[in-house]
Amino acid sequence: MSATMIKEFRLPDLGEGLTESEIVAWKVAVGDTVTLNQIIAEVETAKAVVELPSPFAGVVAALHEQPGTVVEVGKPIVSFEIEDDGAGDSGGGAGTAVGAGAVAAAKREPNLVGYGAVLEASGRPARRTRTFAAPAAASPVAPAEPVAPVRAAEPLESKVVETAPGERPRSTPPVRKLAKDLGVDLEAVTGTGEHGLITREDVLNFVGGGDLTAAAQELAGAPAQSVGAQSVGRVPAGGERETRTPIKGVRKFTAAAMVASAFTAPHVTEFLTVDVTPTMELLARLKASRAFAGYKLTPLTLVSKAVLIALRNHPTLNARWDEANQEIVQFNYVNLGIAAATPRGLTVPNIKDADRMSLMELSTALTELTDTARAGKTGTEALSGGTISITNIGVFGIDAGTPILNPGEAAILALGAVRKMPWEYQDEVALRQVMTLSLSFDHRLVDGEQGSRFLQDLGTMLADPGMVLAMV
């Protein structure tokens with residue numbers, strides 16, 4: 001009978017140095033047999049919901065975190081019982097041997113995206129030597145039970161490990177920010193996390209000896225009081241007057257990105273109201289065309305194509321300001337971002353090399369992008385590398401706005417609603433279909449004349465699609 005051993009799988013860095021992720025849902029349960037690379041969980045990073053594959057083939061021994069829990073990168077989330085065949089470590093974190101004993105682990109093959117470089121036998125990257133207290137005896141891994149919130153006044157059962165003298169206290173960036181916001185010196189805080197890591201709870205317990213102030217609770221993202229189901233726009237009968245929702249995941253990332261953009265790039269917004277009746281008539285003809293049968297065509301499709309054409313004559317709107325290197329990066333391709341409202345917040349996935357696509361290809365790409373975003377399945381690759389963006393506020397019945405630039409981009413266009421309005425047409429007043437375009441651009445990269453000419457060319461194409469022939 002072959003021996004077995006327990007292997008822990010630690011939450012990996014799923015891309016771009018993210019420090020934490022939320023467990024959205026488990027796709028396996030304790031006792032399930034899994035294969036290598038089988039999807040075992042969905043986790044939400046600061047950008048998207050990502051499917052997590054198993055680094056082992058074996059039996060699920062324990063799930064260490066419950067759905068809805070925010071887990072720091074490097075923390076164990078699941079344990080597997082695998083056969084000890086001497087093959088060594090193939091991913092994740094360190095394993096604990098059971099049965100006949102452990103065989104020296106070979107180096108991990110980094111076959112899964114985002115799992116980092118090859119690790120040493122310990123399953124952890126090499127670090128400088130630290131002084132720690134002797135660890136407690138290892139205990140068999142057991143299925144994790146839901147953990148009730150711990151009152152700050154109650155003693156914590158986690159083991160306390162002192163940090164070596166002269167070393168910077170170990171903590172994660174979110175914990176350091178929380179400590180800074182609360183005015184807490186981390187040198188004075190004793191860490192109760194693994195190997196002396198200072199956790200969020202350690203900082204909160206340090207404040208006032210356990211009685212958290214309202215400000216501390218708000219900064220920590222913790223609810224000030226127990227509330228029922230979340231409501232929007234109305235107070236539940238007999239319910240609470242306020243509902244507090246932790247700021248995390250996509251909402252947290254979007255907020256940070258918007259603040260960084262608004263206070264870094266000098267925004268200028270210009271508006272142009274256009275008679276788009278000829279474009280709407282063209283749209284109707286295309287929908288009726290047999291050549292476009294099966295394609296989803298909308299005003300956004302035609303405006304997107306017009307934007308891509310206009311950028312050929314106005315490339316400064318397809319650029320990035322590189323502050324670190326003091327350079328302007330001109331993109332010779334267009335990754336067109338489309339703002340999408342999802343249940344988890346605003347995302348801006350982009351269509352790679354959209355400038356090379358035909359109208360049919362662009363229609364297909366837009367349909368796939370929006371369907372994937374609404375389903376919450378957008379991958380991290382689609383959320384990075386955008387060069388210019390469009391937001392369609394017209395679907396909400398809004399005419400105009402001042403959109404904030406997606407970080408790293410020079411311009412963003414907002415499409416207003418198409419409305420029938422009295423309009424001057426051939427020296428008479430007629431009922432026409434009208435749209436307002438709102439263009440925000442980074443004034444460091446785009447001068448007022450350049451932004452105005454781009455917007456004017458775009459409006460000209462939408463007012464008379466035949467003018468495209470004079471622009472290409």
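Structure first, text after, so check above.
First, a word on scope: everything that follows refers to the structure included in this document. All of these numbers come straight from a predicted model, not from anything done at the bench. (Residues numbered from 1 in each chain as written. Predicted model: local features only at pLDDT ≥ 70, side-chain atom pairs only at ≥ 80, totals over all residues. Heavy atoms only, no water.)

**Observations concerning unusual backbone geometry**
What counts is decided by this rule: In this text, helices come from DSSP runs of H or I with a minimum length of four residues, and strands from runs of E with a minimum of two, each type numbered from the N-terminal end. Using a 1.4 Å probe on the protein chains alone, a residue whose accessible area is under 20% of its type maximum counts as buried, one over 50% counts as exposed, and one in between counts as partly exposed.
In this model, Asn37 sits at a positive phi of 70 degrees, which is unusual for a non-glycine residue. For Asn37, the location among the structural elements is in the loop between strand 3 (33-34) and strand 4 (39-44). By relative accessible area, Asn37 is classed as partly exposed at 36%. You will see that Asp427, though not glycine, has its phi angle at about 65 degrees, which is positive.

**Brief notes about the packing of aromatic side chains**
Where we set the bar: A pair of Phe, Tyr and Trp rings is counted when the ring centres sit within 6.5 Å of each other, with Trp represented by its six-membered ring. The angle between the planes then sorts it: under 30 degrees is stacked, over 60 is edge-to-face, the rest tilted. A ring has a charge above it when a Lys NZ or an Arg CZ is no more than 6 Å from the ring centre and no more than 35 degrees off the ring normal.
A full pass over the atoms with the stated rule returns three aromatic pairs. Here the aromatic rings of Phe292 and Tyr295 are separated by 6.2 Å at their centres, their planes lie at 70 degrees, and the arrangement is edge-to-face. According to the relative accessible area criterion, Phe292 is buried, its value standing at 12%. For Tyr295, a relative accessible area of 32% gives the class partly exposed. One cation-aromatic arrangement involves Arg432 over Tyr425; the distance from NZ or CZ to the ring centre is 3.7 Å.

**Section: the pairing of strand 11 (residues 319-322)**
Filter applied, for reference: By this definition, two strands are paired if DSSP reports at least two bridges between them.
Two elements, strand 11 and strand 12 (residues 327-330), share four bridges in a ladder whose sense is antiparallel. Across the sheet, residue Asp322 finds its bridge partner in strand 12, namely Glu327. Adjacent in sequence and paired antiparallel, strand 11 and strand 12 are bridged by four residues, among which Gln326 carries a positive phi angle near 55 degrees.

The quantities given are spatial measurements derived from coordinates; they are silent on function.
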